[in-house]
Every structure is written in C-alpha cells, then in structure tokens.
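This is what each chain is made of:
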Amino acid sequence: MSNKVEIQYCTGCRWLLRAAWIAQELLTTFEQEISELTLRPGTGGVFNILANGKLVWSRKEAGRFPEITELKRLVRNQIAPTKDLGHADKKHK
C-alpha cells in the first residue's frame, strides 16, 4: 500500500521549519506506513496537511497549528487505522 502525506506551508510566513519538524515526527512515527512525504511551499498563510489526498488539518479552518499528538492521530486514522500510537492514544482515550 502506498500512503502519501503532503504538508503545504506558507513561505512568506517562514513556516518551513515547522513543516520540516512535523514531517520528521510523522516519518519517525509512521516509518513503515508512509511511502512518500512532500513539503509543498505555498503563500497566503497556508498550512495544510493531507493524507492520501484528504485534508486532515488546516490551520485556517482550525485557527491554530495542530498539537503533534493530535496530528498523529488524524494522520493515523487515514493511513493506518489499526496502528497503536502508545502514549499519544492513551491520553486521548
């Protein structure tokens, strides 16, 4: 199975470092599940995260950036619904 994650970030807002950190966190957590991760530069304050083409996080819609555990759950639900996230799941349940 081919799971793709895309992080769209605003270059004018200087959000590359945040996008890269989130990419690292997701690749570490889902090293067996993610086959491709793309950082896509954009403009206009964009900070979106897509998993297999489905929008799982929009900074504009949420009015904030995601907490990393929250984001891992959202991505997991799209690419590996049965994967246990350990402490990130326990706090949420």
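Everything that follows concerns the structure shown earlier in this document.
As the structure is a computational prediction, the values presented were derived from the model and not from experiment.

1. Here we look at the overall build of the protein
Along the backbone of the protein there are four helices and four strands. The C-alpha radius of gyration of the protein comes to 13 Å, within 12% of the 12 Å expected for a compact globule of 93 residues. Across its three principal directions, the C-alpha atoms of the protein cover 35 × 30 × 20 Å. Looking at the protein residue by residue over its 93 residues, the buried ones come to 44%. Within the protein, residue pairs in contact and separated by at least 24 positions form 61% of the contacts whose partners lie at least 6 positions apart. In the form shown here, the protein has an accessible surface area of approximately 5,700 Å², with 50% of it arising from carbon and sulfur atoms. Distance between charge centroids for the protein: 4 Å, based on 15 positive and 10 negative side chains.

2. Quick word on the sheet that holds strand β3 (residues 47–51)
Overall, mixed pairing links the four strands, which are arranged β2-β1-β3-β4 in an open sheet. Both outer strands of the open sheet, β2 (34–42) and β4 (54–58), are each paired with one neighbouring strand and no more. The sheet shows a mean angle of 20° between the axes of neighbouring strands, direction not considered. The strands that helix α1 (residues 16–29) touches are β1 (3–10), β2 and β3; relative to β2, the one it contacts most, it runs at about 175°.

3. Topic: the side chain of lysine 72
Topologically, lysine 72 is positioned in helix α3 (residues 68–79). Residue lysine 72 is classed as buried on the basis of its relative accessible area of 13%. Among residues more than four places away in sequence, those in contact with lysine 72 are Glu25, Leu26, Thr29, Phe30 and Leu85.

4. Re the packing of α1 against α3
α3 packs onto α1 with a crossing angle of 55° between their chain directions and a minimal axis gap of 11 Å. Compared by their axis directions, α1 and α3 come out oblique. For the crossing formed where α1 meets α3, the hand is right-handed. Across from Trp21, Ile22, Glu25, Leu26 and Thr29 in α1, the residues of α3 making contact are Ile68, Leu71, Lys72 and Val75.

Conventions we followed
Residues numbered from 1 in each chain as written. Predicted model: local features only at pLDDT ≥ 70, side-chain atom pairs only at ≥ 80, totals over all residues. Heavy atoms only, no water. Helix = DSSP H or I, 4+ residues; strand = E, 2+ residues; numbered from the N terminus. Rg over C-alpha atoms; globule rule 2.2 N^0.38 Å. Buried < 20%, exposed > 50% of the residue type's maximum accessible area, 1.4 Å probe, protein only. Contact = heavy atoms within 4.5 Å. Areas by Shrake-Rupley, 256 points an atom, 1.4 Å probe, with all protein chains shown as cover. Lys, Arg positive; Asp, Glu negative; His and termini not counted. Charge placed at Lys NZ, Arg CZ, Asp CG, Glu CD. Pairing = 2+ DSSP bridges. Axes fitted to C-alpha atoms, helices over the stretch in contact; angles between N-to-C directions. Parallel < 35°, antiparallel > 145°, perpendicular 65-115°, else oblique. Left-handed = near helix turned anticlockwise from the far one by under 90°.

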